[in-house]
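Now for the letters of each chain:
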Amino acid sequence: MPISIAHVATTRPERYLKQLVSHLGHKATTSLTPDGRGTVTVASGSCTLRPTPDELVLTATAVDAESLARVEDVIARHLVRFGTQDELVVEWTAPLDGGDLEPTAPVVGEYLLSHHTPADDILSELAAATREATSGAAHMQVASDEGALLSMLTRLTGARLAVEVGVFTGYSTLCIARGLAAGGRVLACDVSEEWTAIGAPYWERAGVADRIDLRIAPALETLRALDAEPVIDIAFIDADKANYPAYYEEIVPRLRPGGLVVLDNVFLGGRVLDPAYQQEHHLAMRRLNDLVAADERVDAVMLPVRDGVTIAQRR
């Protein structure tokens, strides 16, 4: 549970942020972003600092509780010393677990689901069939608001060639297929004939089955067999998380200028934000998120939609 937060009341948050970053820069790795946020990284972990009109918000992270306590001590000790005149008080929350974090409050999530173009009968019935047939795995299906986003993005790009990595029961496939321009197709990659078969009748009912080229094979094999030319208009990645970096690297060079790659589950239930989680898929997603943010081939934005969605556009 190595995340903790402190809200330090002050009328001069920018001043203390800069002072702390400057001072600790001699013994730690520090940075200051153009929008005024700061980061301090020491051997035991790191802390981000964000100024607001009336407080300095501190977020400390580390790999375990002992390391977190050391980060908290370094930041609080220096900040209190600098702010003696203003009598600054630094009180950290109890350690938080990344798995307990929610990108949006439940009430906000419910409001969002109630205020997008509603799913039609075919999509709603496919969602119901998925819950009935897949039981505990039904959470792998995208929510209706994310499906609406996929249709909209596909339509906005004028996509004629879409690629989907991870079909599950085909809800997102149907949303993408509906957004395609006339004559368009979606190359849908998955390894499960059982689960993809659930969606096939609904593709037929929606009149888009002829737009969907389903490939049952490891997605990396399918992607690597594609022509190297940059002709993909939009791609959606929602499959095994450990392979996200590999899928991304196969797709980006094949995106046309202005084309999009959309990546789902970039928060991994909040665990990506928590350094205590060190399994292969956590490390792979952190690596991917850092890669996308620094990738000069694309312009990218990460959105707190459901479990985190990144949209990257090829330059």
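Parameters and conventions
Residues numbered from 1 in each chain as written. Predicted model: local features only at pLDDT ≥ 70, side-chain atom pairs only at ≥ 80, totals over all residues. Heavy atoms only, no water. Helix = DSSP H or I, 4+ residues; strand = E, 2+ residues; numbered from the N terminus. Buried < 20%, exposed > 50% of the residue type's maximum accessible area, 1.4 Å probe, protein only. Contact = heavy atoms within 4.5 Å. Areas by Shrake-Rupley, 256 points an atom, 1.4 Å probe, with all protein chains shown as cover. Lys, Arg positive; Asp, Glu negative; His and termini not counted. Charge placed at Lys NZ, Arg CZ, Asp CG, Glu CD. Core = buried A, V, L, I, M, F, W, Y, C linked by side-chain atoms within 4.5 Å. Pairing = 2+ DSSP bridges. Phe/Tyr/Trp six-rings, centres within 6.5 Å; stacked < 30°, edge-to-face > 60°. 1 Å grid on protein atoms, 1.4 Å probe; cavity = no way out; pocket = protein on both sides within 12 Å on 5 of 7 lines; lining within 4 Å. Points joined across faces, edges and corners; volume = space filled by probe spheres on them. Nonpolar A, V, L, I, M, F, W, Y, C, P; charged D, E, K, R; others polar. Domains from an automatic or database assignment. Buried area = accessible area lost by both parts, 1.4 Å probe. Salt bridge = Lys/Arg side-chain N within 4 Å of Asp/Glu carboxyl O. Polar contact = N/O pair within 3.5 Å; in protein donor to acceptor, adjacent residues only side chain to side chain. Axes fitted to C-alpha atoms, helices over the stretch in contact; angles between N-to-C directions. Right-handed = clockwise from strand over helix to strand, strands pointing away.

Novice: How should the overall build of the protein be read in this particular structure?
Specialist: Tallying secondary structure elements over the protein gives 10 helices and 12 strands in all. Projected onto its principal axes, the C-alpha coordinates of the protein cover approximately 70 × 40 × 35 Å. Per-residue burial for the protein yields a buried fraction of 48% across its 315 residues. By sequence separation, contacts in the protein at least 24 residues apart represent 68% of the contacts at least 6 residues apart. With an accessible surface of roughly 15,300 Å², the protein has 54% of that area assigned to carbon and sulfur atoms. The positive charge centre, built from 28 side chains, and the negative charge centre, built from 44, are 6 Å apart in the protein.

Novice: Help me understand the nonpolar core in this model?
Specialist: Soluble globular proteins tend to bury their nonpolar side chains together. In this structure, Y171, V186, I212, I234 and V262 are the most contacted members of the largest nonpolar core, which totals 30 residues. Elements with a minimum of two residues in this core: α4 (121–134), α5 (144–156), α6 (171–179), β7 (185–190), α7 (193–206), β9 (232–237), β10 (255–264) and β12 (309–314). Those residues in contact with Y171, other than ones at most four positions away along the chain, are A119, L123, L126, A127, Q141, V142, A143, S144 and G147. Counting residues in each nonpolar core, the second largest holds 29 residues, with L161, I232, V266 and L268 among its members.

Novice: Please clarify how the pairing of β12 should be interpreted in this entry.
Specialist: Across a regular strand the side chains alternate sides, sitting on one face of the sheet and then on the other. Sheet topology places β10 next to β12; 5 bridges connect them, and they run antiparallel. Within the sheet, the bridge partner assigned to L260 lies in β12 and is Q313. The turn joining strand β11 (residues 298–303) and β12, which pair antiparallel and follow one another in sequence, is formed by 5 residues; a positive phi near 50° is taken by R306.

Novice: What should I look at first to understand the packing of aromatic side chains in this one?
Specialist: For any pair of aromatic rings, the description consists of the separation of the ring centres together with the inter-plane angle of the planes. Under the defined criterion, the tally for this structure stands at 1 aromatic pair. Ring geometry for F168 against W195: centres 4.9 Å apart, planes inclined by 85°, an arrangement best described as edge-to-face. Taken together, the residues F168 in the loop between β6 (161–165) and α6 and W195 in helix α7 connect sequence positions 27 residues apart.

Novice: Please explain empty space enclosed by the protein as it appears in this structure.
Specialist: The probe, sized like a water molecule, is rolled over the atoms to show the empty space still left. The final tally for this structure, using the stated rule, is 1 cavity of 30 Å³ or more. In this structure, the largest cavity spans a volume of roughly 50 Å³. Taken together, M140, Q141, V142, G166, V167, F168, G170, Y171, S172 and D238 make up the lining of the largest cavity. Residues belonging to the lining of the largest cavity are distributed by class as follows: 5 nonpolar, 4 polar and 1 charged.

Novice: Where do I start with the domain arrangement of the protein in this structure?
Specialist: Accessible area lost when the parts come together is the quantity often used to give the size of an interface. With domains assigned, the protein is organised as domain 1 (3–96) and domain 2 (108–314). Taking only C-alpha atoms, the centre of domain 1 and the centre of domain 2 are 37 Å apart. Across the contact, 5 residues belong to domain 1 and 4 residues belong to domain 2. Both sides together, the interface formed by domain 1 and domain 2 hides about 340 Å², and carbon and sulfur atoms give 62% of it. For the pair domain 1 and domain 2, the interface holds 0 salt bridges. Our count for the domain 1 to domain 2 interface comes out at 0 residue pairs in polar contact (both at pLDDT 80 or more). The residue inventory of the side of domain 1 that touches domain 2, partitioned by class, reads 4 nonpolar, 1 polar and no charged.

Novice: What is the right way to read the pattern of salt bridges from this model?
Specialist: Applying the stated criterion across every chain, the model contains 16 salt bridges. One network of salt bridges, in which partners are shared, links R185, D213 and R215.

Novice: Which parts of the structure should I look at to understand the sheet that holds β11?
Specialist: The pairing of strands in a sheet happens through backbone hydrogen bonds and is either parallel or antiparallel. Strands sit in the order β8-β7-β6-β9-β10-β12-β11 across an open sheet of 7 strands; the sheet is mixed. Either end of the sheet is taken by a strand with one partner, and the two such strands are β8 (212–216) and β11. Within the sheet, the average angular offset between the axes of one strand and its neighbour, ignoring direction, is 15°. Taken together, the 6 bridges between β11 and β12 define a ladder with antiparallel strand orientation. Of the residues in β12, the one forming a bridge with V298 is R314. Along the sheet, α7 makes contact with β7 and β8, crossing β8 at roughly 170°.

Novice: So what exactly am I meant to see when it comes to the pairing of β10 here?
Specialist: Most of β10 is tucked away: 8 of the 10 residues are buried. Where β9 and β10 come together, 5 bridges link them in parallel fashion. Bridging across to β10, I232 finds its partner in L255. In the classification by handedness, the crossover that spans β9, the intervening helix α9 (residues 244–251) and the parallel β10 is right-handed.

Novice: Just checking my understanding: could you explain the layout of surface pockets for this structure?
Specialist: For the largest pocket, the calculated volume is near 790 Å³. Lining the largest pocket are 21 residues, with R37, T48, T59, T61 and L273 sitting closest to its centre. The biggest single contributor to the lining of the largest pocket is strand β4 (residues 45–52), with 5 residues. Broken down by class, the residue content of the lining of the largest pocket amounts to 10 nonpolar, 8 polar and 3 charged.

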